[in-house]
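In case you want the letters, here they are:
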Amino acid sequence: QVQLVESGGGLAQPGGSLGLSCAASGSIFSINIMRWFRQVPGKQREVVATITSGGTTSYADSVKGRFTISRDNAKKTWYLQMHSLKPEDTAVYSCNAHLRTNWGSSSVYWGQGTQVTVSS
């Protein structure tokens, strides 16, 4: 089995910081692309940040300069460091990966999601 597990969600004050982690485990040969998504009820899910195994990053315009995505290839773990949080950052955050298994298949996997709430 391949599993992705998020951690680090919770409550934060406006202007505060919060860090999320996503750990992948199972029969994984390599992880090509790692991403963080977020979704608000009634709205479409959006990509917040993306990082490749080589370290290339991209961000949604709404979080540029405030959020940072990073990864540890050896640990099969990636992170989202969130700073200067705003109430509009409140959403369910999910991690996602496009990976290759040990038997050669290429698939997309999702974590279960974690709630981030920014409120005073």
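Residues numbered from 1 in each chain as written. Predicted model: local features only at pLDDT ≥ 70, side-chain atom pairs only at ≥ 80, totals over all residues. Heavy atoms only, no water.

### So, the state of the cysteines
Then comes step 1: Following the criterion strictly, the structure yields one disulfide and no others.
Then comes step 2: Disulfide pairing is shown between Cys-22 and Cys-95; the S-S distance is 2.0 Å. On the sign convention where negative is left-handed, the bridge of Cys-22 and Cys-95, at about 55° about the S-S bond, is right-handed. Note that Cys-22 is positioned in strand E3 (residues 18–26) and Cys-95 in strand E9 (residues 91–101), a separation of 73 residues in sequence.
Then comes step 3: The class for Cys-22 is buried, based on a relative accessible area of 0%.
Then comes step 4: Given the relative accessible area of 0%, Cys-95 is considered buried. (Disulfide = S-S within 2.5 Å. Helix = DSSP H or I, 4+ residues; strand = E, 2+ residues; numbered from the N terminus. Buried < 20%, exposed > 50% of the residue type's maximum accessible area, 1.4 Å probe, protein only.)

### What about the sheet that holds strand E1 (residues 2–7)?
Then comes step 1: Read across the open sheet, the four strands follow the order E1-E3-E8-E7; overall the sheet is antiparallel. Two strands close off the open sheet at either side, each with one partner strand: E1 and strand E7 (67–72). Each strand of the sheet is rotated relative to its neighbour by a mean of 15°, with strand direction disregarded.
Then comes step 2: Summarising the sheet, E7 and strand E8 (residues 77–82) pair through six bridges and their orientation is antiparallel. Within E8, the position partnered with Phe-67 by the bridge is Met-82. (Pairing = 2+ DSSP bridges. Axes fitted to C-alpha atoms, helices over the stretch in contact; angles between N-to-C directions.)

### So, the nonpolar core
Then comes step 1: In terms of nonpolar packing, the biggest core is built from 29 residues, with Trp-36, Trp-78, Leu-80, Met-82 and Tyr-93 touching the most fellow members.
Then comes step 2: Of all the elements in the fold, those that place two or more residues in this core are E1, E3, strand E4 (28–39), strand E5 (46–52), E7, E8, E9 and strand E11 (114–118). (Core = buried A, V, L, I, M, F, W, Y, C linked by side-chain atoms within 4.5 Å.)

### Points about the environment of Gln-3
Then comes step 1: Looking at where Gln-3 falls in the secondary structure, it is placed in strand E1.
Then comes step 2: The partly exposed category is assigned to Gln-3, whose relative accessible area is 40%.
Then comes step 3: Taking the C-alpha atoms as reference, Gln-3 lies 7.9 Å from Trp-110; in sequence the two are 107 residues apart.
Then comes step 4: What Gln-3 contacts, discounting residues up to four positions off in sequence, is Ala-23, Ala-24 and Ser-25.
Then comes step 5: Within the structure, the side chain of Gln-3 is placed 3.4 Å from the side chain of Gln-1, a separation counted as a polar contact. (Contact = heavy atoms within 4.5 Å. Polar contact = N/O pair within 3.5 Å; in protein donor to acceptor, adjacent residues only side chain to side chain.)

### A look at the pairing of E9
Then comes step 1: Among the 11 residues that make up E9, eight are buried, leaving the element largely enclosed by the rest of the structure.
Then comes step 2: Of the strand pairs in this sheet, E4 and E9 are connected by 10 bridges, and their pairing is antiparallel. The partner of Phe-37 across the bridge, within E9, is Ser-94.
Then comes step 3: Of the strand pairs in this sheet, E9 and E11 are connected by three bridges, and their pairing is antiparallel. Note that in E11 the partner of Ala-91 across the bridge is Val-116.
Then comes step 4: The pairing of E9 with strand E10 (residues 106–110) spans five bridges and is antiparallel. Within E10, the residue paired with Arg-100 across the bridge is Ser-106.
Then comes step 5: Two successive antiparallel strands, E9 and E10, enclose a turn made up of four residues, where Gly-104 displays a positive phi of approximately 100°.

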